[in-house]
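# Coordinate inspection notes
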Amino acid sequence: KTLETLAGISGDAYETFIRLIELGGESGDWEAVQRNAERALAVNPLLPRPHRQLALAAEAKDQAEPAIESWRTLLELEPEDPAEAHFHLARLLRAHEKPEAKRQLLMALEEAPRFREAHRLLLDWNDEKQESSKTLFASLAGIGILIAVAVAWAQRYPVPPWIDRRGVPEWE
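None of these values were measured; they are calculated from a predicted model.

Before going further, it helps to examine the nonpolar core. Residues Trp71, Phe87, Leu89, Leu105, Phe115 and Ala118 are the most contacted members of the largest nonpolar core, which totals 23 residues. For this core, the leading source of residues is helix H6 (residues 82-93), giving seven residues. Counting 10 residues, the second-largest nonpolar core is a separate cluster that includes Ile18, Val33, Leu41 and Leu54.

Now for the packing of helix H5 (residues 64-76) against H6. For the pair H5 and H6, the least separation of the axes is 9 Å and the interaxial angle reads 150°. Accordingly, the angle class assigned to the pair H5 and H6 is roughly antiparallel. Relative to H6, H5 is oriented so that their crossing is left-handed. Between H5 and H6, the residues in contact are Ala64, Ala67, Ile68, Trp71, Arg72, Leu74 and Leu75 and Pro82, Glu84, Ala85, His86, His88, Leu89, Leu92 and Leu93, respectively. Looking at the contact of H5 with H6 residue by residue, the class counts come to 11 nonpolar, two polar and two charged.

Attention now goes to the side chain of His86. Relative to the helices and strands, His86 is located in helix H6. Non-local contacts of His86, meaning those with residues more than four positions away in its chain, are made with Leu75, Gln104, Leu105, Met107, Ala108 and Glu111.

Here the focus is the pattern of salt bridges. If you walk through the whole model with that rule in mind, you get seven salt bridges. Notably, a salt bridge pairs Arg19 with Glu22, separated by 3.1 Å at the nearest N-O pair. In this pair, Arg19 and Glu22 are both assigned in helix H2 (residues 14-27), three residues apart and thus about one turn of the helix distant. Look at Arg19 and you get partly exposed, because its relative accessible area is 35%. A salt bridge links Glu59 to Arg91; the shortest N-O distance between them is 3.0 Å. Of the two residues, Glu59 sits in helix H4 (residues 48-60) while Arg91 sits in helix H6, which places them 32 residues apart along the sequence.

Conventions adopted
- Residues numbered from 1 in each chain as written.
- Predicted model: local features only at pLDDT ≥ 70, side-chain atom pairs only at ≥ 80, totals over all residues.
- Heavy atoms only, no water.
- Core = buried A, V, L, I, M, F, W, Y, C linked by side-chain atoms within 4.5 Å.
- Buried < 20%, exposed > 50% of the residue type's maximum accessible area, 1.4 Å probe, protein only.
- Helix = DSSP H or I, 4+ residues; strand = E, 2+ residues; numbered from the N terminus.
- Axes fitted to C-alpha atoms, helices over the stretch in contact; angles between N-to-C directions.
- Parallel < 35°, antiparallel > 145°, perpendicular 65-115°, else oblique.
- Left-handed = near helix turned anticlockwise from the far one by under 90°.
- Contact = heavy atoms within 4.5 Å.
- Nonpolar A, V, L, I, M, F, W, Y, C, P; charged D, E, K, R; others polar.
- Salt bridge = Lys/Arg side-chain N within 4 Å of Asp/Glu carboxyl O.

What follows is the structure, encoded as structure tokens:
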């Protein structure tokens, strides 16, 4: 409460905003994290820490666009852990921009080759790719079966007499 009061009185209390961000993150109050991260960025937008917290808050609130913007801004500011930023971007971009998401995931693995969550995400993508390939092959196999049945039927039953050899009905 005292920190909130101090933050309300002083518009440039950067350390107060950072502490409020930490407290909000620990308690899961993502609204407070977002509000105080924006206040901290108003004081100094070139520090990476509030951008990270703003991105995490946006992700927790299922706001993909602000989260993507914050992670990209954080990467421009050369964060302490770029692998984390690349990984979060990959997860967020996965549904809409798959090539960019894979690029971000590979950049995360380039920064931290033993990043287990990134490896799991890469394996999930490979599993999805194999599943979609199986579905495609199953569809093609189904079409192949239909063609085989049609050929067998055509071999078993001759052309009806009212259709000439060119496949055009004869009209009398």
